[in-house]
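Close look at the chain arrangement
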Amino acid sequence: EVPKWVLLRLKDGKQSFYAGKNTESPYILLDRATAAAPPVAENEAAALLDIGDDVLCLEFRSKGNAISAQTIEMIDIAVEEMARGRAGLVIGNQGAHFSFGADLSLILEKIDRKAWDELAAEVTLLQDAASALKYAPKPVVSAAFGMTLGGGAEIAMQSRANVFSVATCMGLVETGVGLVPGGGGCKEMLAGITARATGASKAELLPAVKELWRNIAGAKVSANAFDAVKKGFAKPDTRIVMNPDRLIDEAKSKALELSKPDYMPPATQGVLVLGDFGYGALMIELEAMRGGGFVSEYDAHIARRLAYILTGGDAVSVSSVSESYLRELEKEVFLSLCGEEKTRLRIEHMLKTGKPLRN
């Protein structure tokens, strides 16, 4: 059967698979999954496309595919569409990178205005949207590639499944601009440790939590998709695609594979935290790093606040806490750091130079 997008292309009077006469430009074939996909809804930051077989594709379209309130608006519409009986959702695009994360210029503008209530509301919106994707009535598959950072990584983490290009550089890099993950990234990575830690003692859990803390505090980014799985950013069962031209089609296939009449979203679960035992162990390591000159005083301050989240705040010893509790910790620390002048300087420097400031 001739694919629908080919027929539509012919109907439009286009007689080749190339865009224009320049054969060095990308094939139209590279865009086959979304080439003729009619928009279900769209705004300046994102579009929701019908890519066939009742599967939708959420396509980011902002500069750097940054996550903003308009992106979140389109996520909410996508979840509503799935509740109406769609087969599933692919989150993907064919830009240069999947997403560089939250729009820092908007965050800086609110910091300068001291619009703390607005910032709090936007963090809550991102957390709620990511959680809605995780617990959506139909499977959500993230098709990540290239730079998949910050809020973009948090969205990919909270999808039901991952289908990643092998060339995926993924990480929670917020500490580089004086912040911590605020959209559920800490919570989701701790949940991954919990899922793998059946029957583990606190001494056995500690190395995994330490490694997680080091990765986020150091703003580490995976070298590729395999490394993203190893670092815990991507799901253990992530499907890794070698040919980037096949990525969205493979993600659509995964969504259809999961989409069954009896599909059930994952059940909510408690998340293990190490409490004061874990926090003390992380502080011993941090003081050694600070004393050795490996981190600045402000790096150490951010790392302490991150450790507070990852060990469960005021939790005592090993405890099981809810996802909503960890989300509140993330929001509390994120907003407190937004009020720090050194964080404002880091964000400003990143926007001006594209490089992190070590202050």
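In what follows, the accompanying structure is described.

The biggest cluster of nonpolar side chains holds 96 residues, and the ones touching the most others in it are Leu58, Leu89, Ile91 and Met170. Ranked by the residues each element gives to this core, the list is headed by helix H11 (residues 297-310), at nine residues. For Leu58, the residues in contact, after removing those within four places along its chain, are Ala46, Ala47, Leu48, Met74, Ile75, Leu89, Val90, Ile91 and Gly92.

Taken as a whole and judged by the stated rule, the model has two aromatic pairs. Consider the rings of Phe98 and Phe145, whose centres lie 6.4 Å apart with planes at 85 degrees: the pair is edge-to-face. Highlighted residues: Phe98 in the loop between strand S4 (88-91) and helix H3 (104-113) and Phe145 in the loop between strand S5 (140-142) and strand S6 (146-149), separated in sequence by 47 residues. Each member of the pair Phe98 and Phe145 is classed as buried. Three or more aromatic residues link up through ring pairs in this structure, and these residues are Phe60, Phe98 and Phe145.

It is worth spelling out unusual backbone geometry at this point. Glycine aside, residues mostly have negative phi, and peptide bonds are mostly found in the trans state. You will see that Asp54, though not glycine, has its phi angle at about 65 degrees, which is positive. Judged by relative accessible area, which is 36%, Asp54 ranks as partly exposed. We note that Asn65 has phi near 50 degrees; this positive angle belongs to a residue other than glycine. Structurally, the position occupied by Asn65 is in the loop between strand S3 (55-60) and helix H2 (69-83). Looking at Asn65, the relative accessible area reads 6%, which means it is buried.

With that settled, the discussion passes to the pattern of salt bridges. A complete count under the given rule lists 34 salt bridges for this structure. One salt bridge connects Glu81 with Arg84, and the closest N-O pair in it is separated by 2.9 Å. Accessibility expressed as a relative area gives 60% for Arg84, which makes it exposed. In this structure, the salt-bridge partner of Glu285 is Lys210, at a minimum N-O distance of 3.7 Å.

Conventions adopted
Residues numbered from 1 in each chain as written. Predicted model: local features only at pLDDT ≥ 70, side-chain atom pairs only at ≥ 80, totals over all residues. Heavy atoms only, no water. Core = buried A, V, L, I, M, F, W, Y, C linked by side-chain atoms within 4.5 Å. Buried < 20%, exposed > 50% of the residue type's maximum accessible area, 1.4 Å probe, protein only. Helix = DSSP H or I, 4+ residues; strand = E, 2+ residues; numbered from the N terminus. Contact = heavy atoms within 4.5 Å. Phe/Tyr/Trp six-rings, centres within 6.5 Å; stacked < 30°, edge-to-face > 60°. Salt bridge = Lys/Arg side-chain N within 4 Å of Asp/Glu carboxyl O.

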